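Now for the letters of each chain:
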Amino acid sequence: MARNRIRPDAALVLWIALVAIIAGLPASRAAVAMLAALPEAGFDIQWMLLLKTLAWAVGIGLAATLLALPIALASRGLTARWSPLAVLPILLPMPLAYAGLNLFRAPGTALGDWLAMGPSWRAVAAGRLVAVLSLALWSTALAAPILALGLRTIDRTLPESAALAGAGRWRRLTLTLAGMRASIIASAAVVAVVMTGSAIPLHLAQINTYSITLWLELDATPAAGVGRVWLAATPVLLIAIAASAVISTAVARAAKRTDDPLAPPASSWPAIAVGLVIIAAASLAPLALLARELTTLDTFSILWRTESDAVIQSAIVAACVGIVCALVAWVARVLATDRPRAVAIGLVFLLVTSLAPGVLVGSAVAASWRWLPDVGDSPAILVLAHLARLSALAALLGILIAAAEPPSRRDARALDGATGLVGSLRASGDAALALAVGLIAAAMSLGEIEASVVVQPPGAESVARSMLNMLHFARYEHLSGLVLLVAAPALLLGGIAWILIALGRTLNRRHAFR
């Protein structure tokens, strides 16, 4: 018994240390700088621009939720074997879908020539439509899991009773959607909060947002005066804090579930086809469009000569991020049922750094470690910035892994003494799931741009900076090659993660029948 009491405590100490380093230190540094800037604040909050930004973000959130609904329904609440494909878009850089879909209106295409011959507003409107659609498609990877949780928690007796009473498919679907009302609202809200802090795709489409204004102000402000810029970001930060508290509370409540969820009924092949088409449109289609821009394979050799240092350094950073995120997921999974309050509090900090504008997070991370040159002036600062952006996702997935464990298996595990950081490894396949989370985080790290460009130390190279420059100057030939160089390992990591998820589920099912 003594050993089992020590292990949760060790997990708790490790959890506190991880949260403090990844999110607590940057958050406290930003808070101190904001308080110091209060007497001399010189950057007014642009309320109209903020409202316009929120309007764009809400629109993207609604569109993403609408697109993710078929994925959540067709995958039976992400319980189908192909359901890991739902996160495929998020493994690729956020601007990828925009860059790929934007080629439909490139010069020389029928649409591009039609737009060029018309009034200027037409081309601007087309660019904005592409930006909204591409961000909505990318965000389906965020919306689908939220909708899936809602689908798995609704009262299944209502649609089943309606089916027995002779109700048609549309009536049963209406009852299902009504039961998912809370998750639909949550999905649109979460995506809207993420998009409020997103800067690059909307900026490329000539949509001025609050995040872009903050970014430009950060670039023009000395390091000692960034507190006033963070102070001007107060409304956005308050939104991120409020959303973090709500999400953390909801997830902690799910982790304490005491009933075994019932999987939704099987979906028809047409419904599955619609879900897969949406996933492909968000990921594989932009890749294929960009690949068409390659006129010669020599582009890869040219890119390797010019960008090999950036690719190698980004790969090393991604590996470090993946290892730490796997650890974060595992610690969160172990503590989710034993220390739910501690996990919920730590998750709030991690979520704030994930949902706040990436440029502000990068600025806070850089300011937090400026006193230690061995960290602040080395690639380690990139690892810390990426962890600040991605650790919340790892923790969330770790908590959801714990929430997916049936109470009967949880009780059997406790009786076997399979608890704590090490003991839990003996009795379940959840370790494989935590490793899959690390691989997903590593793949996402390869495409992290906004925080990277702020913290990147002098002389250091990164794929994010190169990709951003190519996007700005529309160098689609080289951009296509670089995106494919990044996408290939990201998709490989995603494939390995899929195998680990299948392995983890198999091990968990075997343990359930022992």
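Refer to the preceding data block for the structure.
So, here's what we can say about the structure. This one's a predicted model, so the numbers in the text were calculated from it and none came from an experiment.

Moving on, we get to the overall build of the chain. Counting its secondary structure elements, the chain contains 25 helices and 0 strands. Here the chain holds 514 residues, and 54% of them are scored as buried. Relative to all contacts within the chain whose residues are 6 or more apart in sequence, the contacts with residues 24 or more apart total 84%. Entry remark: accessible area of the chain is about 22,800 Å², with carbon and sulfur atoms responsible for 69%.

Attention now goes to helix H19 (residues 380-404). An ideal rise of 1.5 Å per residue puts 36 Å on 25 residues; H19 measures up with 34 Å between its terminal C-alpha atoms. When the local axis directions of H19 are compared, the greatest deviation, roughly 45°, occurs at Leu 390. Of all the 25 residues making up H19, 20 are buried; the element is thus mostly covered by neighbouring parts of the structure.

Applying the stated criterion across every chain, the model contains 3 cavities of 30 Å³ or more. Here the largest cavity is characterised by a volume of approximately 80 Å³. In this structure, the largest cavity is lined by 13 residues; those nearest its centre are Ser 314, His 386, Ser 445, Ser 452 and Ser 462. Broken down by class, the residue content of the lining of the largest cavity amounts to 5 nonpolar, 6 polar and 2 charged.

Next up on the list: the packing of aromatic side chains. The description of two aromatic rings rests on the distance between their centres and on the angle between their planes. The tally for this structure, following the rule as stated, stands at 1 aromatic pair. Relative to Trp 371, the ring of Trp 369 has its centre 6.1 Å away and its plane inclined at 20°; by these criteria the two rings are stacked. Judged by its relative accessible area of 13%, Trp 369 falls in the buried class.

All told, the structure shown has 2 salt bridges when counted by the stated rule. Its salt-bridge partner being Arg 228, residue Glu 217 comes within 2.8 Å of it at the nearest N-O pair. Of this pair, Glu 217 sits in helix H10 (residues 210-219) while Arg 228 sits in helix H11 (residues 226-232); the two residues are 11 residues apart in sequence, bridging distant segments of the chain. What makes Arg 228 partly exposed here is its relative accessible area of 22%. For Arg 333, the salt bridge is made with Asp 430, and the minimal N-O distance between the two is 2.9 Å. Here Arg 333, found in helix H15 (residues 298-338), pairs with Asp 430, found in helix H22 (residues 430-446); they are 97 residues apart in sequence, far enough to count as distant. Residue classification places Arg 333 among the buried positions, given a relative accessible area of 2%.

A cluster of nonpolar side chains, namely Phe 104, Leu 111 and Trp 114, defines an oily patch on the protein surface of about 330 Å² accessible area. Here Trp 114 lies in helix H4 (residues 110-117).

A separate point is the nonpolar core. Counting 155 residues, the largest nonpolar core has Trp 15, Ile 60, Met 195, Trp 230, Leu 350, Val 365 and Met 467 as its most contacted members. For this core, the leading source of residues is H19, giving 15 residues. Those residues in contact with Ile 60, other than ones at most four positions away along the chain, are Val 132, Leu 135, Ala 136, Val 191, Met 195 and Leu 202.

Conventions we followed
- Residues numbered from 1 in each chain as written.
- Predicted model: local features only at pLDDT ≥ 70, side-chain atom pairs only at ≥ 80, totals over all residues.
- Heavy atoms only, no water.
- Helix = DSSP H or I, 4+ residues; strand = E, 2+ residues; numbered from the N terminus.
- Buried < 20%, exposed > 50% of the residue type's maximum accessible area, 1.4 Å probe, protein only.
- Contact = heavy atoms within 4.5 Å.
- Areas by Shrake-Rupley, 256 points an atom, 1.4 Å probe, with all protein chains shown as cover.
- Expected span 1.5 Å × (residues − 1).
- Bend = angle between axes of the 7 residues up to and from the residue.
- 1 Å grid on protein atoms, 1.4 Å probe; cavity = no way out; pocket = protein on both sides within 12 Å on 5 of 7 lines; lining within 4 Å.
- Points joined across faces, edges and corners; volume = space filled by probe spheres on them.
- Nonpolar A, V, L, I, M, F, W, Y, C, P; charged D, E, K, R; others polar.
- Phe/Tyr/Trp six-rings, centres within 6.5 Å; stacked < 30°, edge-to-face > 60°.
- Salt bridge = Lys/Arg side-chain N within 4 Å of Asp/Glu carboxyl O.
- Patch = residues over 30% accessible without salt bridge, like charges linked within 9 Å, V, L, I, M, F, W, Y side chains within 5 Å.
- Core = buried A, V, L, I, M, F, W, Y, C linked by side-chain atoms within 4.5 Å.

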